[in-house]
Amino acid sequence: MATTETPDTAERPPAAPTGRPDRRTGRRKGPEKLLTHRAARWVDTRLGTANLARTALNKVFPDHWSFMIGELALYCFVVLLLTGVYLTFFFDPSTELTTYTGSYEPLQGVEMTRAYASSLDLSFDVRAGLVMRQIHHWAALLFVASIVVHLARVFFTGAFRKPRELNWVIGVLLLILAIFNGLFGYSLLDDQLSGTGLRIIYSITLSVPVVGTWAASLLFGGEFPGPDIIERLYVIHILLVPAIIVVLLTAHLAIIVRQKHTQFPGPGRREDNVVGERMWPTYAAKALGLFFLTGAVLAFLGGVFQINPIWLYGPFEPADVSSASQPDWYMGWLDGALRIMPGWEVRAFGYEVPNPFFPGVLLAGLTFGLLFAWPFLEARVTGDHAHHHLDDRPRQRPVRTALGVATLTFYVILFLGGAADVLAQTFGLSVNALLWTFRFAVLLAPPLTGWVAYRLCKELSARDGVPTASQVRVRDIPRRLRHGKAADEAPDEESPAPAPAEMS
Amino acid sequence: MTSDPRTDDSRVADENIDDRPALRSPASQHPPQTGEAVLTKRGERAERSAATAFFVSMLGALGLAVVYWEGGQPQLEGILLAVALGGIGTGIVLWAKHFMPSDEVEEDRHPLESTEEVMEAYATDFEAGESSLRSRRLLIATGGGACAALGLAVLFPIRSLGPRPGRDLKRTPFAEGNLRVVREDGSPIRPENLPDDGFVTAWPDGHTDAADAPTLLIRLREDQEFRPREGREDWTVDNVVAFSKLCTHAGCPVGLYQAEIGQLLCPCHQSTFDVLDSCRPIFGPAARSLPQLPLALDREGYLIATGDFSDPTGPGFWDRDR
């Protein structure tokens, strides 16, 4: 084990020593003889990339478990692309009617669209089709989930602050695209559940004042169910949105490389440096390992845990509906908002503003609008326009953390509202009572949890002896933190006695 | 503490070539590890574990191929794929953890913004080009106009995507008048054939695929007193009432009838309608009553609808009652 006294240069031999002996064979092997070197030489002679490639190899990535959540989203996306391509070979996005003759007996002889029939064939008669479909679906669920958690991480640590506002905006765009593409994906199969989902999408589109009727007619190719919607969603789902995601993802990553990753404050970690592992080989290997492990988890989920068993729902019939119609989890908050919205309809200038407009369009618009605007809003309110490369700990920013917790509470309650019928059935409760509870809770719980979070932040930072943002300028925090993580262990001599955190 | 002096020294040696991020100062809690030093028992164990993981992965992949060849089985495929991928992942992570350098490295973070001089030089160059462009005002105006016109023109094909949403939203096939109200298979219905205390989903004759016209035929019990809206007193036949099955909220079929209390529940968003009060919404997000269908009997005693529903069926839209 090398000690810390060893001069730094001894730790890593200078790059590209010539004629190093091969440890295994003992033979001297010039690096020029190695295939990787020859390949690198070949490329460099033509593109002159050695310097750039070397910079990439030595890129430093700060290490923290929470920094890998965004990576997780990336790997889910790769799995989505791989499994999705396989599915396109067998799926037929056609609303043409056909009689099912596949191997699933309960539906034999039933008239259905080619879309639904080919989904059944994919599930029962294409080898490895069902496992691919289920991995695809699980990957979509996890894709959106990891984006949301990644977004929460970036929010609560303040990693969206200048200079990273642009990447925050791109990230929110990616979230929106991921949500919509997930929705479009499970709407393609034309089973009873997805058809019900499409009908609600149609109704929400229709509810937009002035342009809604036209928009719905153009999107669906006519009145619901519309002859064209599945073909159109298919092109959007497999081509348009993934292409935009690839472009935005590339920009997202390029900006991270350009701006370098943020890091948490700690010994030797300052605003003007970045401390972590080199990309090559350790970080790259860990990332690759994480990719394979993500794939393993998704394969396990896709193989063992049934998801979206379309054969149980039957083909879509416009007059039928199954009870406990639940969308995928990331649509749950919207579905919940539709459910707990009181039965109000507004008339303005002699025209109607239908009820679904408020939860379906206005709330969704506000949600994403506020997400886009947050970095700029916060900078305006705090007047903090400095560059920030050190992450906040959530407790250092009680107001932001409280707002974040309150917002999360709001959406969690909407999500629960979306499951009201299932909850009522499971626990033997009245669905009306449950919905009334959620109607109140969605207004009352966020301020409450926000207040609790605020108090917790204050208490925790008081215990740390770390002043909160309201007591000290932000750029002082890392310097103070460097001298001791906990004040009760090593009293900080340099700084003035830390002001006791306000107790009220 | 601005920067570690040793970091600077190593850079001075050959600034141009050795600009790799320097090793961290000894302040680090984790002493630098190159991986070469781990030829201990722990290291041997780690190597064995990683190799085992790779080997298990091989077995998983092999098993996957066999299962596929033998006809496939979704659960096994998923598990074996997970083993194959997980083995590689675990092996790589163990390899990285034990045999790759885990030393922390410090890299300078240079200011992102360019210097004033660079910005000004850029501005000068841009303005030089811009002024030469600006001198041709006529070309700017006409060129911009041409682009705007083209942009407008290429919007027009959007119109091809769907038909004009005119009256279609406000009428159903029942508007034809005196159509029989039939079952899904097209068979006509007599009031006495309807189940007591239940409902039948019915359609306009000849349009059993009309997505805007599914109708609930409900035969009320003798003890239930139906309260019709003004002007619709004669829309009921033999205690049979007919309402649109499409929820006025988001258009889901209102599929759950609680006969004993005469309430309809929409399973999508829990809107509840009181059938006896002409399907007035009493709970949930729906704001309007279900549209009613005027019923009568034809000469042969089958149910017919004398006209269209009392209101457009399904979800609301901005000019619904215009």
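## Remarks on the overall build of chain A
Part 1: Of regular secondary structure, chain A possesses 18 helices and 6 strands.
Part 2: Looking at the 504 residues of chain A, the share that counts as buried comes to 42%.

## Section: the overall build of chain B
Part 1: From N to C terminus, chain B includes 5 helices and 12 strands.
Part 2: The 322 residues of chain B split such that 35% are buried.
Part 3: Long-range pairs, those at least 24 residues apart, make up 55% of the contacts in chain B with a sequence separation of at least 6.

## Thoughts on helix α2 (residues 35-47) of chain A
All names here are of chain A.
Part 1: With 13 residues, α2 extends 18 Å from end C-alpha to end C-alpha; this agrees with the ideal 18 Å at 1.5 Å per step.
Part 2: The buried count for α2 comes to 0 of 13 residues, which makes it a mostly uncovered element.
Part 3: Phi turns positive, to about 60°, at G48, one or two residues after α2.

## Quick look at the interface of chain B and chain A
Part 1: Contacts between the two partners involve 81 residues from chain B and, on the opposite side, 86 residues from chain A.
Part 2: For the side of chain B that touches chain A, the secondary structure elements donating two or more residues are α1 (5-13), β1 (22-23), α3 (74-99), β2 (105-108) and β10 (280-283) of chain B.
Part 3: A breakdown of the residues in the side of chain B that touches chain A according to their chemical character gives 44 nonpolar, 19 polar and 18 charged.
Part 4: As judged from the 4 bridges shared by strand β4 (residues 273-278) of chain A and β2 of chain B, these two strands associate in the antiparallel manner. By the bridge assignment, V274 of chain A is partnered in β2 of chain B with E107 of chain B.

## Quick word on the packing of helix α13 (residues 332-340) of chain A against helix α15 (residues 398-418) of chain A
Residue and element names in this part refer to chain A.
Part 1: For the pair α13 and α15, interaxial distance at closest approach is 6 Å and the crossing angle is 75°. In terms of their interaxial angle, α13 and α15 are classed as roughly perpendicular. Between α13 and α15, the residues in contact are G332, W333, D335, G336, A337, R339 and I340 and Y411, L414, F415, L416, G417 and G418, respectively.
Part 2: Broken down by class, the residue content of the contact of α13 with α15 amounts to 7 nonpolar, 4 polar and 2 charged.

## Digging into the sheet that holds strand β9 (residues 272-274) of chain B
Residue and element names in this part refer to chain B.
Part 1: The strand order across the open sheet built from 4 strands is β7-β8-β9-β10, with neighbouring strands paired in antiparallel fashion. Strands with a single pairing partner mark the edges of an open sheet, and in this sheet they are β7 (256-258) and β10. In this sheet, adjacent strand axes meet at a mean angle of 30° when their direction is disregarded.
Part 2: Two strands pair when backbone bridges link them, and β7 and strand β8 (residues 263-265) are joined in this way by 3 bridges, in the antiparallel orientation.

## Notes on the environment of R380 of chain A
Part 1: Residue position: R380 of chain A is located in helix α14 (residues 357-382).
Part 2: Put simply, R380 of chain A and P342 of chain A are 38 residues apart on the chain and 35 Å apart in space, counted from C-alpha to C-alpha.

## Here's the deal with the sheet that holds strand β6 (residues 240-244) of chain B
Residue and element names in this part refer to chain B.
Part 1: Pairing is antiparallel across the open sheet formed by 6 strands, whose spatial order is β6-β5-β4-β3-β12-β11. Two strands close off the open sheet at either side, each with one partner strand: β6 and β11 (295-297). Here the average twist between neighbouring strands, direction ignored, is 40°.
Part 2: In the sheet, strand β4 (residues 199-204) pairs with strand β5 (residues 215-219) via 4 bridges, with the strands oriented antiparallel. The partner of A202 across the bridge, within β5, is T215.

## Looking at the confidence of the model for chain B
Residues and elements named next belong to chain B.
Part 1: Confidence in the prediction of chain B, expressed as mean pLDDT, is 87, and 88% of residues score 70 or more.
Part 2: Every residue in residues 24-32 is under pLDDT 50, and counting partners more than four places away or in other chains gives 22 contacts.
Part 3: Both scores are given for the predicted complex: the pTM is 0.88, the ipTM 0.88.

## Points about the environment of H136 of chain A
Residue and element names in this part refer to chain A.
Part 1: Here H136 shows up in helix α6 (residues 129-156).
Part 2: Owing to 24 C-beta atoms within 10 Å, H136 belongs among the buried residues under this scheme.
Part 3: Taking the C-alpha atoms as reference, H136 lies 36 Å from T437; in sequence the two are 301 residues apart.
Part 4: Residue contacts for H136: discarding those within four places in its chain leaves L80, T83, G84 and L87.

## Describing unusual backbone geometry
Part 1: With an omega of 10°, the peptide bond running from K162 of chain A to P163 of chain A counts as cis.
Part 2: Inspection of the secondary structure assignment puts P163 of chain A in the loop between α6 and α7 (165-187).
Part 3: Across the junction of F224 of chain A and P225 of chain A, the peptide omega takes the value 5°, indicating a cis bond.
Part 4: Residue placement: P225 of chain A occurs in the loop between α9 (212-220) and α10 (229-259).
Part 5: Its identity as a non-glycine residue notwithstanding, D190 of chain A has a phi of 60°, on the positive side.
Part 6: Even without being a glycine, S278 of chain B presents a positive backbone phi close to 55°.
Part 7: Along the polypeptide, S278 of chain B turns up in the loop between β9 and β10.

## Quick notes on the packing of α13 of chain A against α14 of chain A
All names here are of chain A.
Part 1: Interhelical geometry of α13 versus α14 gives an angle of 130° and a closest axis separation of 9 Å. The orientation of α13 with respect to α14, classified from their angle, is oblique. In this structure, α13 meets α14 at a crossing whose hand is right-handed. In contact with L334, A337 and L338 of α13, α14 contributes P359, G360, L363 and A364.

## Here we look at the pairing of β4 of chain B
Part 1: As defined by bridge partners, strand β3 (residues 179-182) of chain B adjoins β4 of chain B across 2 bridges and the pair is classed as antiparallel. Its bridge partner lying in β4 of chain B, V181 of chain B is registered against P204 of chain B.

## Points about the environment of G226 of chain A
Residue and element names in this part refer to chain A.
Part 1: Mapped onto the fold, G226 is located in the loop between α9 and α10.
Part 2: Residue class for G226 comes out buried when judged on the 20 C-beta atoms lying within 10 Å of it.
Part 3: Between the alpha carbons of G226 and A402 there is a distance of 45 Å; along the sequence they are 176 residues apart.
Part 4: Setting aside chain neighbours within four positions, we find G226 in contact with F220 and G221.

## Considerations on the nonpolar core
Part 1: Within the largest apolar cluster, 149 residues are counted, with the highest numbers of intra-cluster contacts made by C76, A139 and F143 of chain A.
Part 2: No other element matches α6 of chain A, which puts 15 residues into this core.
Part 3: Structurally, this core is a two-domain feature, drawing no fewer than three residues from each of domain 1 (5-106) and domain 2 (169-305) of chain B.
Part 4: Other than its neighbours up to four places away in sequence, F143 of chain A contacts A73, C76, F77, L80 and A178 of chain A.
Part 5: Grouped together as the second largest cluster of nonpolar side chains are 5 residues, V60, F61 and V275 of chain A together with V105 of chain B included.

Rules and cut-offs
What you see as residue numbers is a count from 1 along each chain, following the sequence as written. The order in which chains are written sets their letters, starting at A; the order in which ligands are written sets their numbers, starting at 1. With pLDDT at 70 or above as the cut-off, local features in this predicted model cover only qualifying residues; side-chain atom pairs require 80 or more to be listed or tallied, and sums for whole chains, interfaces and linings still use all residues. Helical segments are the DSSP runs of H or I of at least four residues, strand segments are the runs of E of at least two, and each set is numbered from the N terminus. The exposure scheme places C-beta atoms from the backbone and then counts, for each residue, the other C-beta atoms within 10 Å of its own, assigning buried at 20 or more, exposed at 12 or fewer, and partly exposed in between. Residues are defined as contacting one another if the C-beta atoms placed from their backbone atoms lie within 7 Å. Every helix has an expected span of 1.5 Å times one less than the residues it contains. The residue classification treats Ala, Val, Leu, Ile, Met, Phe, Trp, Tyr, Cys and Pro as nonpolar and Asp, Glu, Lys and Arg as charged. All others, Gly included, are polar. Whether two strands pair depends on DSSP finding at least two bridges between them. All axes here are fitted lines through C-alpha atoms, helices being fitted over the stretch that makes contact, and every angle between N-to-C directions spans 0 to 180 degrees. The cut-offs work like this: below 35 degrees is roughly parallel, past 145 is roughly antiparallel, 65 to 115 is roughly perpendicular, and the gaps in between are oblique. The predictor's confidence in any single residue is recorded as pLDDT, a number from 0 to 100. Left-handed describes a crossing whose near helix is turned anticlockwise from the far helix through less than a right angle; right-handed describes the clockwise counterpart. Each nonpolar core comprises buried Ala, Val, Leu, Ile, Met, Phe, Trp, Tyr and Cys residues, the members being joined through C-beta atoms within 7 Å. What counts as a domain boundary in this text is fixed by an automatic or database domain assignment.

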